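Descriptive structure summary
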Amino acid sequence: MLVNISKDFSEKREEINQLIGKAFPLEERKELEGTSLPNIPITAASIEIYNLLVLNEGNSHCTIEIRPKGVMISFRAAGESYSLVIPFYKLKIYKGRSEEYSFYKDNYFIKVWAGANEHEVHAFIKKLRHYKADKALPRVDDQE
C-alpha cells in the first residue's frame, strides 16, 4: 500500500500498525542492531512511485524500516512524505544487478543502489531477509 503520511498520519497509523506492526521498542532495536537504514539512493520505481519521485528532480532517496510483520520504505516527493508499506507475505526482494536491490509488492516496486563499498546497506538487506525468513509462516514440508 502506497500512503501519503504527511497529511493526517494519525488516521493512517492504525492501518499501518495493523498491517505491519508497530515500530520496535528500544530493547528490540538494540538486539537487532538497528531496524532502519536511512538515505539510500533510489535507482528505479514503478510508475506510480516514479511519478512522485520525478518531482524531486533526480534527488531521490528512501529509508527502509523493518517492522515486526513487514517493512516500510519511506521517501519524500514534492515536500510530502510517502511510504510503501509491505507485509512480509507480500514482500519480494531481488538482487538483479550486482549493486542494486529490488523490493516488490504486487504492482509496486522500488530499486535501491547498494555500491560495492556500501557494506552497511548489504548487511542491512541481509538482516532483513533473515528476519523475514524467521517470521515466515510454516510450510507443509517444515513439519515432520
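Residues numbered from 1 in each chain as written. Predicted model: local features only at pLDDT ≥ 70, side-chain atom pairs only at ≥ 80, totals over all residues. Heavy atoms only, no water.

1. A few points about the packing of aromatic side chains
Selection rule: Two aromatic rings from Phe, Tyr or Trp, using only the six-membered ring of Trp, form a pair when their centres are within 6.5 Å; if the ring planes differ by under 30 degrees the pair is stacked, by over 60 it is edge-to-face, and anything between is tilted. Numbered from the N terminus, helices here are DSSP runs of H or I no shorter than four residues, and strands are runs of E no shorter than two.
If you walk through the whole model with that rule in mind, you get five aromatic pairs. Ring plane angle 75° and centroid distance 5.5 Å describe the contact between Tyr94 and Tyr104, whose orientation is recorded as edge-to-face. One end of the pair, Tyr94, is in strand 6 (residues 92-94); the other, Tyr104, is in strand 7 (residues 100-105), with ten residues separating them in the sequence.

2. Concerning the nonpolar core
Rule in force here: By nonpolar core we mean a set of buried residues, namely Ala, Val, Leu, Ile, Met, Phe, Trp, Tyr and Cys, connected to one another through side-chain atoms within 4.5 Å. Burial classes follow relative accessibility: with a 1.4 Å probe on protein chains only, a residue under 20% of its type's maximum area counts as buried, one over 50% as exposed, and anything between as partly exposed. We call two residues in contact whenever any of their non-hydrogen atoms come within 4.5 Å of each other.
Ranked by size, the top nonpolar core spans 32 residues in total, and within it Ile64, Phe75 and Phe103 carry the most contacts. Of all elements in the fold, only strand 2 (36-45), helix 3 (47-53), strand 3 (61-67), strand 4 (70-77), strand 5 (80-87), strand 7, strand 8 (108-113) and helix 4 (119-134) reach the threshold of two or more residues within this core. The element that contributes the greatest number of residues to this core is helix 4, accounting for five residues. Residues in contact with Phe75, not counting those within four places in the same chain, are Leu2, Ile42, Ile49, Leu52, Leu53, His61, Cys62, Glu80, Ser81, Tyr82 and Ile110. Val3, Ile16, Ile20 and Met72 belong to the second largest nonpolar core, which has six residues in total.

3. A closer look at the pattern of salt bridges
Here is the rule: A side-chain nitrogen of Lys or Arg and a carboxyl oxygen of Asp or Glu constitute a salt bridge if their distance falls within 4 Å.
Throughout the structure, instances matching the rule amount to three salt bridges. The residue Lys90 makes a salt bridge to Asp106 at a minimum N-O spacing of 3.2 Å. You can see Lys90 sitting in the loop between strand 5 and strand 6 and its partner Asp106 sitting in the loop between strand 7 and strand 8, a full 16 residues away along the chain. Three or more residues are tied together by salt bridges with common partners; here these are Lys90, Lys105 and Asp106.

4. Considerations on the pairing of strand 2
Put simply, side chains in a regular strand alternate between the two faces of the sheet. Short version of the rule: One requirement defines pairing of two strands: DSSP has to find at least two bridges between them.
Pairing geometry for strand 2 and strand 3, over four bridges, is antiparallel. Each residue of the ladder has a partner; that of Ile40, found in strand 3, is Cys62.

5. Focus on the sheet that holds strand 1 (residues 2-4)
Quick reminder of the rule: Axes, fitted as lines to C-alpha atoms, cover a helix only where it is in contact. Angles between the N-to-C directions of the axes lie from 0 to 180 degrees.
Read from one edge to the other, the open sheet built from eight strands follows the order 1-5-4-3-2-8-7-6, with strand pairing classed as antiparallel. Either end of the sheet is taken by a strand with one partner, and the two such strands are strand 1 and strand 6. Going across the sheet, the axis of each strand differs from the next one's by a mean of 35°, ignoring polarity. Here strand 6 pairs with strand 7 via three bridges, running antiparallel. Among the inter-strand pairings, Lys92 is bridged to a residue of strand 7, identified as Tyr104. Across the face of the sheet, helix 1 (residues 9-20) comes into contact with strand 1, strand 3, strand 4 and strand 5 while running at roughly 25° to strand 5. Docked against the sheet, helix 4 engages strand 2, strand 3, strand 4, strand 6, strand 7 and strand 8, running at close to 35° with respect to strand 3.

Read these as geometric descriptors, not functional statements.
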